[in-house]
Amino acid sequence: MLVALFSVTMIPPAIISVIFGDGSGLPFVLAFFLCLITGLIFWYPNREHRKDLKAREGFLIVALFWTVLASFGALPFLLLEQPQMTLTDAFFEAFSGLTTTGATVIQGIDFLPKAVLFYRQQLQWLGGMGIIVLAVAILPILGVGGMQLYRAEIPGPVKDSKMTPRIADTAKHLWYIYLGLTILCSLSYWAAGMDWFDAICHAFSTIAIGGFSTHDASIGFFDSTLIDIICVIFLWVSALNFALHYAAVSNRSLRSYIVDPELRAFFFIQFALIALCFVVLLQDQVYEDTQSTFVEALFQAVSISTTAGFATESFSSWPLFLPILLIFSSFIGGCASSTGGGMKVVRVVLLYIQGMREVNRLIHPKAIYVVKLGSRALPDRVVDAVWGFFSAYAVVFVIIMLSLIATGMDDLTAFSATAACLNNLGPGLGDVAAHYGDVNDTGKWLLVVAMLFGRLEVFSLLLLFTPAFWRS
């Protein structure tokens, strides 16, 4: 059913092709029929089947549909004459789009047909909140409960709470907010000087914290401080927990933002990064004046740390301390239940609190310390889960990085490429600072795996490889 529904996403690029007359509409029409027919062939014989989903099926469906939908999403890239892409490159671009990673193998983006540009941005927008969350609103109609899918898809360590009693209502409210932010961002970009096409396309990737652009120079193409500031504001909004947005809208109050400990930690990290980048760039006199230095420090610090990956210029040309710092900041990423990547701020906060608790235990062995997030005491189960996640994240990172080095990639490129794809960031350092076109095929497939691990938050994918999962 989801594959058949996914076919609808091929129609807007085909319409764009007709509007601009770029002659690239046929591949999208063919992809539409291939997706629709394939989906119906598998769905029709099972249309009468009704069964409640358990947690195992929920995790399996989430993982399968991320891989299956991204694979079908590669069809237009395979069928297009411009750009001509190999199977590996087509899959890399589609997975990068749908997982909101923003890494690209395409050079000469400015010269691509408008339909292709729109399709790349649309993939990121669809992946931003998770296609499965949208599907949660549809599955109850088919007689299948959606809570298992929601728990598997929504990022963050505490997944048992729902914003509304019914999960379908929750998914709908999430998408209303998501759509509203996208429209507001589009209008803001348009008012700041973008044409309507660029405004919509960049709103798609901004709200999704994806990083794809319709220009090789990314946001830097527009050379506008106002556009840079708008981008920063909407990246911050999108990197916050969407449950906070829902609470603010439904209660018509900003209290949910004010009392949230994760939000305070997020902005503390953001402002610290901006200040540090500003001071270092000012000392090294990288830019001509103080205003330019501040704007560049603000934009790049926010873009990289929220895992968007937009650029006004290549941050890899900065003093090496800063690019490495920003790459490490992408491991923190956005807040839980946001469109950002990384480990999520709340997990990093909990790791810090747990670390301080262990230090205090060494000083006062008989004392009892409780891990609190704000005023809320957390059970040890949550703390253990965070430590487990951090360990698995680190192991996956090391394995993929070492595998890339084994393919012949240099150390800096392997480190930054792994971090950029696992954190769903996009741009890296070294040979992948501008694009991933020069990475060998083996390396690209390894990075596709990293994108999936990052988007599915490691455990959702890792448990599929455990024998106990299939025996349960």
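The sections below set out a description of the structure shown in this document. (Residues numbered from 1 in each chain as written. Predicted model: local features only at pLDDT ≥ 70, side-chain atom pairs only at ≥ 80, totals over all residues. Heavy atoms only, no water.)

## Structural notes on the overall build of the chain
Stage number 1. What the chain contains, in helices and strands, is 23 helices and 2 strands.
Stage number 2. Over its C-alpha atoms the chain spans a radius of gyration of 22 Å, differing by no more than 12% from the 23 Å that the globule rule assigns to 472 residues.
Stage number 3. Once the C-alpha set of the chain is aligned to its principal axes, its extents read approximately 70 × 65 × 55 Å.
Stage number 4. Residue burial in the chain is summarised as follows: out of 472 residues, 56% are buried.
Stage number 5. Accessible surface, the chain: about 20200 Å² in total, of which carbon and sulfur atoms supply 66%.
Stage number 6. For the chain, the separation between the mean place of its 26 positive charges and that of its 32 negative charges on side chains is 20 Å. (Helix = DSSP H or I, 4+ residues; strand = E, 2+ residues; numbered from the N terminus. Rg over C-alpha atoms; globule rule 2.2 N^0.38 Å. Buried < 20%, exposed > 50% of the residue type's maximum accessible area, 1.4 Å probe, protein only. Areas by Shrake-Rupley, 256 points an atom, 1.4 Å probe, with all protein chains shown as cover. Lys, Arg positive; Asp, Glu negative; His and termini not counted. Charge placed at Lys NZ, Arg CZ, Asp CG, Glu CD.)

## Some details on helix 19 (residues 380–406)
Stage number 1. A rise of 1.5 Å per residue sets the reference length of helix 19, with its 27 residues, at 39 Å; its end C-alpha atoms lie 39 Å apart and thus fit the reference within 8%.
Stage number 2. At its buried positions, helix 19 is contacted by helix 18 (345–363), helix 20 (411–422), helix 21 (441–455) and helix 22 (459–462). (Expected span 1.5 Å × (residues − 1). Contact = heavy atoms within 4.5 Å.)

## Let's talk about helix 17 (residues 321–329)
Stage number 1. What helix 17 keeps buried is the set Leu 322, Pro 323, Leu 326, Ile 327 and Ser 329. Each buried residue of helix 17 lies within a common arc of 160 degrees when the element is viewed along its axis, so the set occupies one face.
Stage number 2. Residues of helix 17 that are buried make contact with helix 15 (261–283), helix 16 (290–305) and helix 20. (Arc of directions from axis to C-beta.)

## Considerations on the side chain of Thr 293
Stage number 1. Here Thr 293 lies in helix 16.
Stage number 2. In this structure Thr 293 comes out as buried when scored by relative accessible area, which is 1%.
Stage number 3. A polar atom in the side chain of Thr 293 sits 2.8 Å from the backbone oxygen of Asp 289.
Stage number 4. Dropping the residues within four chain positions of it, Thr 293 is found in contact with Phe 278, Leu 281, Leu 282 and Tyr 287. (Polar contact = N/O pair within 3.5 Å; in protein donor to acceptor, adjacent residues only side chain to side chain.)

## Here's the deal with the packing of helix 15 against helix 18
Stage number 1. Closest axis-to-axis distance for the helix 15/helix 18 pair is 9 Å, and the angle between their directions is 90 degrees. Comparing the axis directions of helix 15 and helix 18 gives the class roughly perpendicular. From helix 15, Glu 262, Ala 265 and Phe 266 reach across to helix 18, where they touch Val 345, Val 346 and Val 349. (Axes fitted to C-alpha atoms, helices over the stretch in contact; angles between N-to-C directions. Parallel < 35°, antiparallel > 145°, perpendicular 65-115°, else oblique.)

## Re unusual backbone geometry
Stage number 1. The residue after Gln 82, namely Pro 83, is reached through a cis peptide bond having omega 0 degrees.
Stage number 2. Mapped onto the elements of the fold, Pro 83 is located in the loop between helix 5 (75–79) and helix 6 (87–98).
Stage number 3. The phi dihedral of Ser 218 falls on the positive side, at around 55 degrees, and the residue is not glycine.
Stage number 4. Among the secondary structure elements, Ser 218 is positioned in the loop between helix 11 (196–207) and helix 12 (225–239).
Stage number 5. Residue Gln 285 is not a glycine yet carries a positive backbone phi of 50 degrees.
Stage number 6. Topologically, Gln 285 is positioned in the loop between helix 15 and helix 16.

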